[in-house]
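What follows is each chain in one-letter form.
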Amino acid sequence: MNPPATPSTPGIPRFQERVLGEHRARWLATVDEAYGQMHRLIDGARIQVRCETYLLREEGPAVWLRAALLDARARNVEVWLLIDAFGSEQVGDEFLQPLRDAGVHVGIFNPKRLLRLSFRNHRKLLAVDGASAIVGGFNIAPEYAGDGVRQGWCDTGVCVSGPIVRELEHSFDALWCLAPFTSAAIRAWRAVASRAPAQPLASPVRLLVSGPALHRNLLRRTLRFDLSRAHDVAIASAYFLPSSRVRRMMYRVVERGGRLRVLLAGRSDVPLAQRAAEYLYRRLLRRRVQLFEYGPQVLHAKLLVMDDIVFVGSCNLDRRSLHINFELLLRMEWPELAADARQWYEAALSRSSPLQLRPWLAARPLRRRLWSWLAYLLLSRIDPLIARRRFRAIS
C-alpha cells in the first residue's frame, strides 16, 4: 500500500535539494510529503532500515509503513522498529506479530507501566543504509496525514544525507540499548552513547540529543548559546514552556534590536499544554515578543530558525522536551536551508492570527487565567520534580 500523494495546496512551498559540502538536504513541507519520502527510502533500502517513532496507530499510515518494512525484509534488509510504550500503547501484538515473524527487530521503549508516563522516547527518525535519514515532528498516525491546511496536522521535517546519517544511526542504537529502561539498560546506554562518533564543533550539521540522564546536556547549551547571539529568531513549537533563563534570552534578542516571533498552536491535541503556555503570553507580549496562533489545523511542528541556523527535529521548546523526554534535533548552520525553513514559516504565519496584548487579556476570564496557572505549575514544576525523583530511584 502506498502513502497518499501530497496534495497541491496553494501557498504550500515546494523545495529543492540543498548541498553543503558532503551533506545534502531537502525541506519537507507537509506530513504527506514526509510520508512519501519515507516510503521511497524504505523501498530503496538494500542493507538496513532503522525507524523510531513516539506514536504509532494501527490504521492509516501505519498500514503502508508495516507493508514497506515487510517488503524490505523480503529483500533480506535488516529492519529495526522502535516505538514508545506510552505514545504507542494502543498498538497490539496482532499488529506487530507479522513484523516479528518476518524477522523485524521490534523494540518497545520503557515498557514499565509505572515509569512510562514520566520517561518517553519522543524522537522521530528514519535512517536507511547509512546514506539517508528523515527527522521531524510527525508521528505515524492518521490524524497527521495531510497538508496541514485542508486536512491533517501542520508539521515539517527534513531529509538529509551525508556523514550525519551515521551519527543518527548510532544514536538510534544507543536508544535501542536503553529501551528496557532498567538500571542495566541505563548503564548500557551510557556506554554506547559515550562511543558516539566525534562531532567537530565547527561542523555545519550536528546532532543534538536530550534525556533525563544528560546533565548540562549539549542540546540545551547549544540552544541557549545560539539564542544569545541571534538577531532574527523564528520559533514554531506545538508545546511551548521555556524556562525563565531561555525567556530572558528571548527578551534580549528584542532589546538589542532584533526580531523574535513564536508560532503557537491555536488548536492543540494537548489542551493542558496549551493552557500552561498561555500563562506566559502576557509577559512575552509585554516584552515585544511577537506571538501567533496557527488556525487551520493542529500545529505540531518543532522548528527554530536563528539567523542562518536551523534546528529541526522532535524537540519542543518546553520543560518536558528539554529535561525529561529523549529527543533529537539537527542543528544546521546552512543559509540556503535556513531560507527554506523561513519560507515554510512565512507560509504558516500567513494562516495564523497575531496576538495583541489588550484584546487577548480582555478575552480571558478569571477561570481561564486560574486554569492556565494550575497547568503551568503542573507542567513546569511538578512534572519535572516527579521525573527527577523517579530517575534517581532506578539509575
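Note that the structure is a prediction, hence the values are computed from the model and not measured.

**Overview of the overall build of the chain**
No. 1: A tally of helices and strands in the chain yields twelve helices and 16 strands.
No. 2: Here the C-alpha radius of gyration of the chain, 20 Å, is about what a compact globule of 395 residues would show, namely 21 Å.
No. 3: Projected onto its principal axes, the C-alpha coordinates of the chain cover approximately 60 × 50 × 40 Å.
No. 4: Per-residue burial over the chain gives 60% buried out of 395 residues.
No. 5: In the chain, of all internal contacts separated by at least 6 residues, the share reaching a separation of at least 24 is 80%.
No. 6: Split by element, the accessible area of the chain, about 16,300 Å² in all, is 53% carbon and sulfur.

**A few points about the packing of aromatic side chains**
No. 1: The tally for this structure, following the rule as stated, stands at twelve aromatic pairs.
No. 2: One Lys or Arg, Arg50, reaches over the ring of Trp80 and ends 5.3 Å from the middle of that ring.
No. 3: In this arrangement the basic side chain of Arg66 is found over the ring face of Phe95, its NZ or CZ atom lying 4.4 Å from the centre.

**Re the packing of helix H7 (residues 244–255) against helix H8 (residues 271–286)**
In helix packing, the relevant descriptors are the interaxial angle and the interaxial distance, both defined with respect to the helix axes.
No. 1: Contact geometry of H7 with H8 gives a least axis separation of 10 Å together with a crossing angle of 30 degrees. In terms of axis orientation, H7 runs roughly parallel to H8. Judged by the sense of rotation from one axis to the other, the crossing of H7 with H8 is right-handed. Here H7 contributes Arg247, Met250 and Tyr251 to the contact with H8, which in turn contributes Leu280, Arg283 and Leu284.

**A word on helix H4 (residues 164–178)**
One full turn of an α-helix is made of 3.6 residues, so residues set three or four places apart face in the same direction.
No. 1: Under the 1.5 Å per step criterion, the end-to-end length of H4 is 21 Å for 15 residues, consistent within 8% with the ideal 21 Å.
No. 2: For H4, the tally of buried residues reaches eleven of 15 residues, placing the bulk of the element in the interior.
No. 3: Buried within H4 are the following residues: Ile164, Val165, Glu167, Leu168, Glu169, His170, Ser171, Phe172, Ala174, Leu175 and Leu178.

**Considerations on the pairing of strand E6 (residues 125–128)**
No. 1: By the alternation rule, side chains of E6 split into Leu125 and Ala127 and Leu126 and Val128, which are all buried.
No. 2: Looking at chain direction, strand E3 (residues 48–53) and E6 are connected through four bridges and run antiparallel. Pairing of Arg50 across the sheet is with Ala127, part of E6.
No. 3: As paired strands, E6 and strand E7 (residues 132–136) are joined by four bridges and run antiparallel to one another. Paired with Ala127 across the strands is Ala133, a residue of E7.

**Digging into the side chain of Arg319**
No. 1: One can find Arg319 in helix H9 (residues 319–324).
No. 2: It is Asp318 that comes nearest to the buried, bridge-free Arg319 among opposite-charge side chains, at 8.3 Å.
No. 3: Residues in contact with Arg319, not counting those within four places in the same chain, are Leu241, Pro242, Ser243, Ser244, Arg247, Ile324, Tyr376, Leu379, Ser380, Arg381 and Pro384.

**Some remarks on the sheet that holds strand E14 (residues 309–313)**
No. 1: On the basis of which strands lie adjacent, the open sheet formed by eight strands has the order E9-E15-E14-E13-E10-E11-E12-E16 and mixed pairing. Looking at strand neighbours, the two that pair on one side only are strand E9 (205–210) and strand E16 (352–354), the edges of this open sheet. With strand direction ignored, the average angle separating the axes of adjacent strands in the sheet is 20 degrees.
No. 2: Of the strands in this sheet, E9 and strand E15 (327–333) are in contact with H4, which crosses E9 at around 15 degrees.

Cut-offs applied
Residues numbered from 1 in each chain as written. Predicted model: local features only at pLDDT ≥ 70, side-chain atom pairs only at ≥ 80, totals over all residues. Heavy atoms only, no water. Helix = DSSP H or I, 4+ residues; strand = E, 2+ residues; numbered from the N terminus. Rg over C-alpha atoms; globule rule 2.2 N^0.38 Å. Buried < 20%, exposed > 50% of the residue type's maximum accessible area, 1.4 Å probe, protein only. Contact = heavy atoms within 4.5 Å. Areas by Shrake-Rupley, 256 points an atom, 1.4 Å probe, with all protein chains shown as cover. Phe/Tyr/Trp six-rings, centres within 6.5 Å; stacked < 30°, edge-to-face > 60°. Lys NZ or Arg CZ within 6 Å of the ring centre and 35° of its normal. Axes fitted to C-alpha atoms, helices over the stretch in contact; angles between N-to-C directions. Parallel < 35°, antiparallel > 145°, perpendicular 65-115°, else oblique. Left-handed = near helix turned anticlockwise from the far one by under 90°. Expected span 1.5 Å × (residues − 1). Pairing = 2+ DSSP bridges. Lys, Arg positive; Asp, Glu negative; His and termini not counted. Salt bridge = Lys/Arg side-chain N within 4 Å of Asp/Glu carboxyl O.

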